[in-house]
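Observations on the model geometry
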Amino acid sequence: MGAVGEARTAKLLAPLVRRGHAVVLHDRAIPGSRANLDHLAFTAAGALYVDTKNWTSDKSQLTVQGGTLRYGRYDQTRALQTVVWEAEQAARALGVPVRPMVAVHGTKIPAPRGRLELGGVTVVEAKRLRGLLRSLPPQPGWDSARRAAVGQLAERTLPPAS
């Protein structure tokens, strides 16, 4: 199920690459770890790590209770902490800050515009991901040449996971 969600997220990100708005790498290994990075995107807003969650159960929904994200009865705090850790590993490898995000397929985010911020992670409905990335304010120095250079560095330092 996870691979299906990752493929769907990759398809959502593809137009940003085609239009020159982003350099995107998929399924990259974190050296010295069994973990992988689902999607790295380099845009005018900087470096972003997008983890995909394919939460499609008919019986469960996403809720926020007391600042805790839950999918059904399951607390997702650990999952968000893992996403932060993965973004930190990417930042260490690339030498630039990497913003952690989660793109959720299959359920609604219980917040305005289908996104929320929890534990330092932006959680967004996958169908709204592309619009969110386009709407982020540009960061100084993240022109197309820098996006390409950091993307090439990521290709060298974060090998394909599979």
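Residues numbered from 1 in each chain as written. Predicted model: local features only at pLDDT ≥ 70, side-chain atom pairs only at ≥ 80, totals over all residues. Heavy atoms only, no water.

1. A look at empty space enclosed by the protein
Just so we agree on the cut-off: Grid points spaced at 1 Å over the protein atoms alone were grouped into cavities, where a 1.4 Å probe fits but cannot get out, and pockets, open sets with protein on both sides within 12 Å along at least five of seven lines, with lining residues defined by an atom within 4 Å of a point. Grid points are joined across faces, edges and corners, and a volume is the space filled by probe spheres set on the points. Going along the chain from the N terminus, every DSSP run of H or I of four or more residues is numbered as a helix, and every run of E of two or more is numbered as a strand. In this classification, the charged set is Asp, Glu, Lys and Arg, the nonpolar set is Ala, Val, Leu, Ile, Met, Phe, Trp, Tyr, Cys and Pro, and all remaining amino acids, among them Gly, are polar.
Per the counting criterion, the structure on display carries one cavity of 30 Å³ or more. In this structure, the largest cavity encloses a volume near 30 Å³. Considering the residues around the largest cavity, the lining is formed by K53, W55, L69, Q76, A79, L80, V83 and V102. The element that contributes the greatest number of residues to the lining of the largest cavity is helix α2 (residues 77-94), accounting for three residues. Grouping the constituent residues of the lining of the largest cavity by class yields six nonpolar, one polar and one charged.

2. Examining unusual backbone geometry
One non-glycine residue, D27, adopts positive backbone phi at about 50°. Along the chain, the position of D27 falls in strand β1 (residues 22-29). Here R113, not a glycine, exhibits a phi torsion of approximately 60°, which is positive. Looking at where R113 falls in the secondary structure, it is placed in the loop between β7 (98-105) and β8 (115-118).

3. Some remarks on the sheet that holds strand β4 (residues 62-65)
What counts, and what does not: One bridge is not enough; two strands pair if DSSP finds at least two bridges between them.
Taken in spatial order, the three strands of this open sheet run β4-β5-β6, and their pairing is antiparallel. Unpaired on one side and paired on the other, β4 and β6 (74-75) mark the two borders of the sheet. Sheet topology places strand β5 (residues 68-71) next to β6; two bridges connect them, and they run antiparallel. Considered in β6, the bridge of R70 is made with D75.

4. Describing the pattern of salt bridges
Rule in force here: Criterion for a salt bridge: a side-chain nitrogen of Lys or Arg within 4 Å of a carboxyl oxygen of Asp or Glu. Buried means the residue's accessible area, taken with a 1.4 Å probe over protein chains only, is under 20% of the maximum for its type, while exposed means over 50%, and partly exposed covers the values in between.
Taken as a whole and judged by the stated rule, the model has three salt bridges. The salt bridge partner of D51 is K53, with a shortest N-O separation of 3.0 Å. Between R128 and E125 there is a salt bridge, and its shortest N-O distance comes to 3.1 Å. Residue classification places R128 among the partly exposed residues on the basis of a relative accessible area of 37%.

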